[in-house]
Structure formats: C-alpha cells, structure tokens
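Structure assessment
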Amino acid sequence: MWKTDDGRSFELYEASRHDDLFMVAALDCDYLVAKPELGFDGEIVFSNDEKWILAPLSHANADRLRSLYPFTAPSRVLERDKTMGVGDRLGIATDGHLMVFRDYPQVTPILAQQSIRELNLTNRTFHDVIDCATFGVFRNNYTTGWGADGDHVKTADEVEYALSSGCTMITLDCSEQIDNTIDGLSSAQVSEGYEAFKAQNKDYAAVLEGIYLGKTFDVGEGHCIHFDEDMFKRCTLIYCKAIAHAIGIYENHIVSGGQSKGQRADFEISIDETMTPTHPAQHFFVANELSRAKVHIATVAPRFCGEFQKGIDYIGDLGQFEQEMKVHAAIARHFGYKLSIHSGSDKFSIFPYAGRETKGRFHLKTAGTNWLEAMKLVAMKDSSLYREVHRFSLGAFSEATKYYHVTTDLSKIPDIDTLDDAQLVSLFSMNDARQLIHITYGLILNAKDSSGASLFRDRLYRLWRTYREDYARLLHEHIGNHLKAILV
Ligand SMILES: [Zn+2]
C-alpha cells in the first residue's frame, strides 16, 4: 500500500519499485508515482510530507519513462532466434504475457503488434498500443527487451505512421501487389500473360530468364528448387509487383538515408494473405529477388498449406504440412532469415513440426486468442453481460465475415438460453463459438446504444480491470501452451 497525506491509498506494484519512481493501482487505473525532478506530468501529492507527482499513464509520461528506462522502449529484437508476437488488442494483456516470457526466457516477445485494420476496429493508435506495453514492462520490471510490430502495413504512408510512432518492426503486407488470378490460369494463358509482361519489361525479363529459366537451385539439406518454363512465368506474373513494392519500401523507408545508413526497423515480408499456398519455388523466387536487391529481411511469412483460420487449430494434412515446412525452412536458412508463422493462435497441432523444422529459429504471431481469453473471462465472471454480448455477436456475424475468412457454422453453437451460467465457459472450447466471438471483436467494442454511449466497451473494460489478475493467469496458461508446443 502507498498512501497520500490527504488519505488516498493505492496498491503498490512491488516489481516496479525504484527509490524515486514506481507504479501504483487505483480502482480504475494505474499511475506512476515519481519524484518531481524526474519530469513527469501529473498531480502534486504528498506522502509522509514528501512531495511526489501522481502521473497518469499518458503518452507524454510514456515517452518520459522510455527516456529514463530504455528497457521500457521497444527495440529491434526480431533477429533473435525465437520471437513471438502477442497482439494485445485491448491493451491489457502485458502482465499475463510477461508471466509467460519469464517462464521461457529463450523467447523474446513482440508485445506491441497491431495491424491498421486492428487499430481501426479497436479505435486505437500505434502510440497507444506501444505505450500500454511500455507501462506493462515497467510494472513488471521486464528488462530483457521486446519489440513493436507495425503488422500487415501495406503502403508507404502506413509504414511511416508505424515507424514514426515507434514501431521497431515492419511487417509489409504485399497482398495487394500479388496477382491472385494467375494460379487458375492454364499454361497457355500464363505464356500469353508473360509475353505481355515481357513486352513492357524487356530488360528485366531478360535478366530474370537468365537467372531462373530452366535452372535448378540447391538450397541445401537435400532440397533443390527447379524453375521450368511454366513455374518461372507464373512466379514472375504473380510476384513481380510485390517484389518491386517491397524493394521500394525498403529503400525509401526502412533504410534511412544520410549519415547513419542503418535500418530503421526490422523488416518482415508477408506474402501469406493469398488465395493459394506459397509454392516453395515461389518462396525462393521472392527471397532471391529481394536478396539480389540487397533488401535485408529478418523474417518472411509464406502462406502454408492447409487452413489457418482465426482462433482454432490448424485444418489440413499434417504430413503435407511437415513436408512443405521442411522446404520452406530450408529456403529461409539458405537466405539467412527466419520463417514467420502468422495466424498462429491456437494452431497447436502444427507447432511441434514448426519448432522442429525451423530448428528453433522462428517468429510466431498470435493475436485473436488473447481477445478470446478476455471474453472467456467475461463468461466466467459476469454471465449476464456475456449473454448480451453473445446475442449481439450472433446478429453481427455476417457483417464481420467481410473482414475474416472462417467456416463457422452458427447452427453448431448451442442456444445460450439452454446453458446455465456455469456452462457458458464451455463455449470457448467449441470452434464455431470461438470464431463467432473472435471475428466480431471490432463490432462488439464499437457497438453504441441509441444515445451514442458504448453498449459493451466500458462495462467490458471495467470487468477486465477488476479481474486483471485472473486475466493474467488465463493468458499465462494459454499463451504458455503455445510455447510449450513449439519449443521442441
Ligand atoms: Zn498474416
């Protein structure tokens, strides 16, 4: 307990205790308590006649904290062997996450990780996302480093927004430059398309033909990548725009000009948001073209075979996954980067293969499962609020499927009126119910009543605040299970 002389008392976070600075909890929110000379903004208070500043967790105070304690700022950690992104959409998960990463000190967290879509759906900014992690890191005295990912950013403006907000990693989503129509074409149609490309890009096409056409590349470990004419032409047509986009972003935004000439952030290329799995030759082609252009990438996210749907286990052939993982991992090692596994929430059945084939050098991304654990907590602690949200999400489901691909069958979700309160939590072990709650998160958080007040958001945040230690325990176990499975 920490008390002010005017009679207020706060719970003290022991791990944050420094002589001149520490963090305390009030009922609704946390504060920093700082000696005045440290320069935090806030209310002047006295405790045992000593003067202190009771500083709210604002962006300015986060900046001040980062300058005083550099471990509370994100840094470039993606090239460490084992990294895991734990998207915390709500800004309340860091305590639970850090319990996990203390158990697994060989894994470094990317605590802040949001896409522009997630920022929009949650009404947050990159500043807010990073600040929440900064305060959580200080509260828990987690000093060994963490990263911040501008996830699935697509344009130069989005990259600059992420970097200027402090992201230490950029995941460039090239999906808008990938031509998804090529896979369905016949060889004759591909040849026709390639001739059109060649007519416009004569010199580039000649260079590419010299490098790839009819050639075989040994990537080691017994894996050879061969480009017959059809494969070469398909690769060119599907990926040439995406490769040019990635090179442009790298040269103009990731590598700073002027004197320092360093990279401003770790760079991940994501080619996973496509209609069909990434063929190993396609993966090689993209990697080799980026390597020729001297683009330094830390991680690449191919689209693996099978389905990586939100919030549920892998759907697909595990044997095939294992075989493809071997080749993708060998290609990544050949070029010296790590594979990045996206939509990694709850993909327990593939983790042992991913861990083994990457030889323990991986980046794993999760996000939605942290939200699901938060909603599970609601089902455990406030059944009437959960029932309201559940009914709302059934009505909002079809709207949400515009943003997410799922195969949810709503008819398989039990009617909640037939469940008693203690049974509500069982919904979170049913795939269809998980996906219902998973993909409607933005609509739930943004729902308003007729007067414009939030329908659920404020009540949900109050519950999560009250039961924050329970939430941390849920995450400790559930996210911990992800690492237990992949660390083979
Ligand atoms: Zn992705």
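The strands making up a sheet are joined through hydrogen bonds of the backbone, oriented either antiparallel or parallel. On the basis of which strands lie adjacent, the open sheet formed by 6 strands has the order 1-2-3-4-6-5 and antiparallel pairing. Two strands lie at the open edges of the sheet, namely strand 1 (2-3) and strand 5 (43-47), each paired on one side alone. Pairing of strand 3 (residues 21-25) with strand 4 (residues 30-34), which is carried by 5 bridges, proceeds in the antiparallel orientation. By the bridge assignment for strand 4, Ala25 is matched with Asp30.

Taken as a whole, helix 16 (residues 457-466) has its buried residues at Leu460, Leu463 and Trp464. All buried residues of helix 16 project into a common sector of 100 degrees when viewed along the axis, lining one side. In the core, the buried residues of helix 16 are packed alongside helix 12 (368-381), helix 13 (383-400) and helix 17 (468-486).

Bringing the sheet that holds strand 8 (residues 108-115) into the picture now. Here we have 8 strands rolled up into a closed barrel, ordered 7-8-9-10-13-14-15-16, and parallel in their pairing. Direction aside, neighbouring strands of the sheet carry axes that sit 25 degrees apart on average. Here helix 4 (residues 126-139) sits on the sheet and contacts strand 8 and strand 9 (147-153); the angle it forms with strand 8, its principal contact strand, is near 155 degrees.

Time to look at the pairing of strand 8. Within strand 8, 8 of the 8 residues are buried, which leaves it mostly tucked inside the rest of the structure. Summarising the sheet, strand 7 (residues 82-86) and strand 8 pair through 3 bridges and their orientation is parallel. Bridging from a neighbouring strand, Gly85 pairs with Ile110 of strand 8. Between strand 7 and its parallel partner strand 8, the chain crosses via helix 2 (residues 94-103), and the hand of that crossover is right-handed. Note: strand 8 against strand 9, 5 bridges, orientation parallel. Following the sheet pairing, Ile110 is matched in strand 9 by Gly147.

We note that the domain assignment places domain 1 (2-56), domain 2 (70-172), domain 3 (174-366) and domain 4 (376-467) within the chain. Domain 2 and domain 4 are separated by 26 Å when their C-alpha centres are compared. Counting residues at the interface gives 7 residues for domain 2 and 6 residues for domain 4. The residue makeup of the side of domain 2 that touches domain 4, split by class, is 3 nonpolar, 2 polar and 2 charged.

What follows covers the pairing of strand 2 (residues 9-12). Bridging between strand 1 and strand 2 involves 2 bridges; their strand directions are antiparallel. Within the sheet, the bridge partner assigned to Trp2 lies in strand 2 and is Phe10. Between strand 1 and the antiparallel strand that follows it, strand 2, lie 5 residues; Gly7 among them carries a positive phi value of about 95 degrees. Here strand 2 pairs with strand 3 via 2 bridges, running antiparallel. Each residue of the ladder has a partner; that of Leu12, found in strand 3, is Val24.

Moving on: the packing of helix 12 against helix 16. Remark: helix 12 packs on helix 16, axes separated minimally by 10 Å, with the N-to-C direction vectors making an angle of 85 degrees. Relative to helix 16, the element helix 12 lies roughly perpendicular. Mapping the contact onto sequence places Ala374, Leu377, Val378 and Lys381 in helix 12 and Leu460, Leu463 and Trp464 in helix 16. Broken down by class, the residue content of the contact of helix 12 with helix 16 amounts to 6 nonpolar, no polar and 1 charged.

Reading guide: rules and limits
- Residues numbered from 1 in each chain as written.
- Predicted model: local features only at pLDDT ≥ 70, side-chain atom pairs only at ≥ 80, totals over all residues.
- Pairing = 2+ DSSP bridges.
- Helix = DSSP H or I, 4+ residues; strand = E, 2+ residues; numbered from the N terminus.
- Buried ≥ 20, exposed ≤ 12 C-beta atoms within 10 Å, placed from the backbone.
- Arc of directions from axis to C-beta.
- Contact = placed C-beta atoms within 7 Å.
- Axes fitted to C-alpha atoms, helices over the stretch in contact; angles between N-to-C directions.
- Right-handed = clockwise from strand over helix to strand, strands pointing away.
- Domains from an automatic or database assignment.
- Nonpolar A, V, L, I, M, F, W, Y, C, P; charged D, E, K, R; others polar.
- Parallel < 35°, antiparallel > 145°, perpendicular 65-115°, else oblique.

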